[in-house]
Amino acid sequence: MSEDCIFCKIVAGAIPARKIYEDGDVIAFHDIHPAAPVHFMIVPKVHIASLADAEAQHEALLGRILLRAPILAQAQGLHDGFRTIINTGKGGGQEVMHLHVHIMGGGGPRAL
């Protein structure tokens with residue numbers, strides 16, 4: 001856990017979030033600034049700064065996140081598809097330096 005990371009604080013329960021899923025390894029919650037009618041993130045509970053910082057030991061965790069994405073998307077009403085985005089590093093548009101996967105949809109292809 002990184003003490004100054006907002007996602008680590010959400011994982012720890014120190015900051016509230018509109019959670020849609022949680023297990024021992026990941027947490028999923030709605031984005032506070034949604035870019036689509038449905039916009040949530042799946043975040044590993046362990047602090048990994050970005051996808052570029054993931055290592056072989058994170059392989060199962062990364063797979064778990066990607067396999068959970070369509071299940072949660074369906075549960076959130078995204079039956080016709082969704083967009084999955086992983087911004088990596090500041091140059092890749094990452095704003096919170098804790099690996100997270102955006103799941104967005106519900107507005108048609110032009111909304112995304």
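Residues numbered from 1 in each chain as written. Predicted model: local features only at pLDDT ≥ 70, side-chain atom pairs only at ≥ 80, totals over all residues. Heavy atoms only, no water.

Draft legend 1. View of the nonpolar core. Ranked by size, the top nonpolar core spans 16 residues in total, and within it Val-26, Ala-28, Phe-40, Ile-42, Ile-65, Leu-72 and Ile-103 carry the most contacts. Elements with a contribution of two residues or more to this core: strand 2 (26–30), strand 3 (38–44), helix 2 (59–75) and strand 5 (101–105). Here this core takes five residues from helix 2, the largest share from any one element. Judged by nonpolar contacts, the second largest core, of eight residues, contains Cys-5, Ile-27, Phe-29 and Met-41. (Core = buried A, V, L, I, M, F, W, Y, C linked by side-chain atoms within 4.5 Å. Buried < 20%, exposed > 50% of the residue type's maximum accessible area, 1.4 Å probe, protein only. Helix = DSSP H or I, 4+ residues; strand = E, 2+ residues; numbered from the N terminus.)

Draft legend 2. Region of interest: the packing of aromatic side chains. Under the defined criterion, the tally for this structure stands at one aromatic pair. Where Phe-7 meets Phe-29, the ring centres are 5.5 Å apart and the plane angle is 70°; that geometry is what we call edge-to-face. With Phe-7 in helix 1 (residues 6–12) and Phe-29 in strand 2, the pair connects residues that are 22 residues apart, well separated along the chain. Under the relative-accessibility criterion, Phe-7 is labelled buried at 6%. (Phe/Tyr/Trp six-rings, centres within 6.5 Å; stacked < 30°, edge-to-face > 60°.)

Draft legend 3. Expanded view of the pattern of salt bridges. Here the structure, examined in full by the defined rule, presents four salt bridges. Its salt-bridge partner being Glu-22, residue Lys-19 comes within 3.1 Å of it at the nearest N-O pair. Take Lys-19: its relative accessible area is 45%, and that puts it in the partly exposed class. The closest approach of N and O atoms between Arg-64 and Asp-23, which form a salt bridge, is 2.4 Å. Remark: Asp-23 occurs in the loop between strand 1 (19–22) and strand 2 and Arg-64 occurs in helix 2; sequence separation between them is 41 residues. Judged by its relative accessible area of 15%, Asp-23 is buried. Taken together, the shared-partner salt bridges in this structure form one network comprising Lys-19, Glu-22 and Lys-45. (Salt bridge = Lys/Arg side-chain N within 4 Å of Asp/Glu carboxyl O.)

Draft legend 4. How the structure looks around the side chain of Gln-94. With respect to the secondary-structure elements, Gln-94 resides in the loop between strand 4 (83–85) and strand 5. Residue class for Gln-94 comes out buried when judged on its relative accessible area of 4%. Polar contacts involving the side chain of Gln-94 include one to the main-chain amide nitrogen of Gly-89, which spans 2.7 Å. Discounting residues that sit within four places of it in the chain, Gln-94 has contacts with Ala-49, Ser-50, Asn-87, Thr-88, Gly-89, Leu-99 and His-100. (Polar contact = N/O pair within 3.5 Å; in protein donor to acceptor, adjacent residues only side chain to side chain. Contact = heavy atoms within 4.5 Å.)

Draft legend 5. Broad picture of a nonpolar patch on the surface. A contiguous nonpolar surface patch, about 230 Å² in accessible area, is contributed by Leu-51, Leu-66 and Ile-86. Following the sequence through the fold, Leu-66 ends up in helix 2. (Patch = residues over 30% accessible without salt bridge, like charges linked within 9 Å, V, L, I, M, F, W, Y side chains within 5 Å. Areas by Shrake-Rupley, 256 points an atom, 1.4 Å probe, with all protein chains shown as cover.)

Draft legend 6. Examining the side chain of His-98 more closely. Mapped onto the elements of the fold, His-98 is located in the loop between strand 4 and strand 5. For His-98, the contacting residues outside a window of four places in its chain are Cys-5, Phe-7, Cys-8, Val-43, Pro-44, Lys-45, Val-46, His-47, Ile-48 and Ala-49.

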